[in-house]
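# Close look at the chain arrangement
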Amino acid sequence: MSVNQQIPDYDLDEMVVVTAPEQLRALADPLRATLLELLLERAATVGEMAQAVDRPKSSVAYHVNLLVNAGLIRVVRTRRVRAIEERFYGRVARTLYIGVLNRPEDKQVVAAINGLAEAAAESAWAHAADELRCTLVHARIPVEEVRNFWTQVQELARRFAQIPRAGDQVYGFVAGLYPTDAPTLPDAERAPTD
C-alpha cells in the first residue's frame, strides 16, 4: 500500500458524537467493537469480517445489521459478483465520541466500555514475552490542559491508525487520561525576595 493511499479506503467523517441508547449498546459489545476497529483499515464485506474474527458469516451479519441500524456503519460501495450485489461496509466516522449522557442506564453501559481494561488483558502475553512498550505518568494539571492534551493524544491515535498496513503482526495502541488519587507535592514555597 502506498503512503499516499487513504486509510481507510472510503470517505468518512472525522468524528461523530454518540448519545443514542442503541448506539451505546452497539458500542458496548466486544465483537461489534472489533468489527468497528477492522473497518478503520478498509471497507469490508460481511464475509471478510467473518473470516477476520473467525465467526460464522450469519453471526457477523447480525452484528453488522445492528451497527448499520445504530448509524455507526454504512454501505460505502457495492460490486456485482455473479447475480449477487456484494456490499462493502465502512464506519460513519473515524472517531466515535461518547457525548453527554442523561439516562442512568446509558451511563452504566458506557461505564462497561473500558479500553484500558481490554488493553491490559490483550497485552498480557506481550508483557510476559517482554514485547510490551508502555509508560504511565501522573501530573497535576488544570482541566483546560487535560482537554488540550487529550486532543493531541487523539491526533496521535489517528496517525497510528493511518500507518500503511504491512507486516505480519497487529499492534495495539491505547491511551487513557483519568483522575487519580496519586500523591502530589504541596505547592512550592516562594523564596523570600530581598
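Residues numbered from 1 in each chain as written. Predicted model: local features only at pLDDT ≥ 70, side-chain atom pairs only at ≥ 80, totals over all residues. Heavy atoms only, no water.

## So, the nonpolar core
Filter applied, for reference: We call a set of buried residues a nonpolar core when its members are Ala, Val, Leu, Ile, Met, Phe, Trp, Tyr or Cys and they connect through side-chain atoms within 4.5 Å of each other. Buried means the residue's accessible area, taken with a 1.4 Å probe over protein chains only, is under 20% of the maximum for its type, while exposed means over 50%, and partly exposed covers the values in between. Segments assigned H or I by DSSP are reported as helices when at least four residues long, segments assigned E as strands when at least two residues long, and all are numbered from the N terminus. Note on contacts: a residue pair is in contact if any heavy atoms of the two residues lie within 4.5 Å.
Judged by nonpolar contacts, the single largest core of 30 residues is most densely connected at Leu35, Met49, Val60, Val64, Leu72 and Leu96. Listing elements by their share of this core, those giving two or more residues are β1 (13-18), α1 (21-28), α2 (30-38), α3 (46-53), α4 (57-69), β3 (84-91) and β4 (93-98). For this core, the element with the most residues is α3, which contributes 4 residues. When sequence neighbours within four positions are dropped, the list of residues in contact with Val60 reads Leu35, Val46, Met49, Ala50, Val53 and Arg55.

## So, the pattern of salt bridges
One side chain can pair with another of opposite charge once the charged atoms of both are near each other. The condition that has to hold: By definition, a salt bridge exists where a carboxyl oxygen of Asp or Glu is found within 4 Å of a side-chain nitrogen of Lys or Arg.
Applying the stated criterion across every chain, the model contains 7 salt bridges. Close ionic contact of Arg158 with Glu14 constitutes a salt bridge, the shortest N to O distance being 3.2 Å. A residue pair is termed long-range when its members are at least 10 positions apart, and Arg158 in helix α8 (residues 143-162) and Glu14 in strand β1 qualify at 144 residues. Its salt-bridge partner being Arg158, residue Glu155 comes within 3.3 Å of it at the nearest N-O pair. Here Arg158 and Glu155 lie together in helix α8, a separation of 3 residues that amounts to about one turn. Judged by relative accessible area, Glu155 falls into the partly exposed class, the value being 37%.

## Thoughts on α4
How we decide: Helices are assigned an expected span. That span is 1.5 Å times one less than the residue count. Comment: arc refers to directions from the helix axis out to C-beta atoms.
Compared with the 18 Å implied by 1.5 Å per residue over 13 residues, the 18 Å span of α4 between its first and last C-alpha is a close match. Along α4, the residues that are buried comprise Val60, His63, Val64 and Leu67. Viewed along the axis of α4, the buried residues span an arc of 105 degrees, placing them on a single side of the element. In α4, the exposed residues that point more than 90 degrees away from the buried face are Ser58, Tyr62 and Asn69. In this fold, the buried residues of α4 make contact with α1, α2, α3, β2 (73-81) and β3. Two residues or fewer past α4, Gly71 is found with a positive phi of approximately 80 degrees.

## Some points on the pairing of β2
Each regular strand displays side chains that alternate between the two surfaces of the sheet. Filter applied, for reference: Should DSSP find at least two bridges between two strands, the strands are regarded as paired.
Here β2 runs beside β3; their pairing, made up of 8 bridges, is antiparallel. Among the inter-strand pairings, Thr78 is bridged to a residue of β3, identified as Arg87. Linking two consecutive strands that pair antiparallel, namely β2 and β3, is a turn of 2 residues; a positive phi of about 55 degrees is found at Arg82 within it.

## Some thoughts on α3
Among the residues making up α3, those that are buried are Val46, Met49, Ala50 and Val53. Each buried residue of α3 sits inside an arc of 100 degrees when the element is viewed along its axis, so together they form one side. Among the exposed residues of α3, those pointing more than 90 degrees away from its buried face are Gln51 and Ala52. In this fold, the buried residues of α3 make contact with α2, α4 and β3. Two residues or fewer past α3, Asp54 is found with a positive phi of approximately 55 degrees.

Remember that the coordinates give geometry; whether it matters functionally is a separate question.
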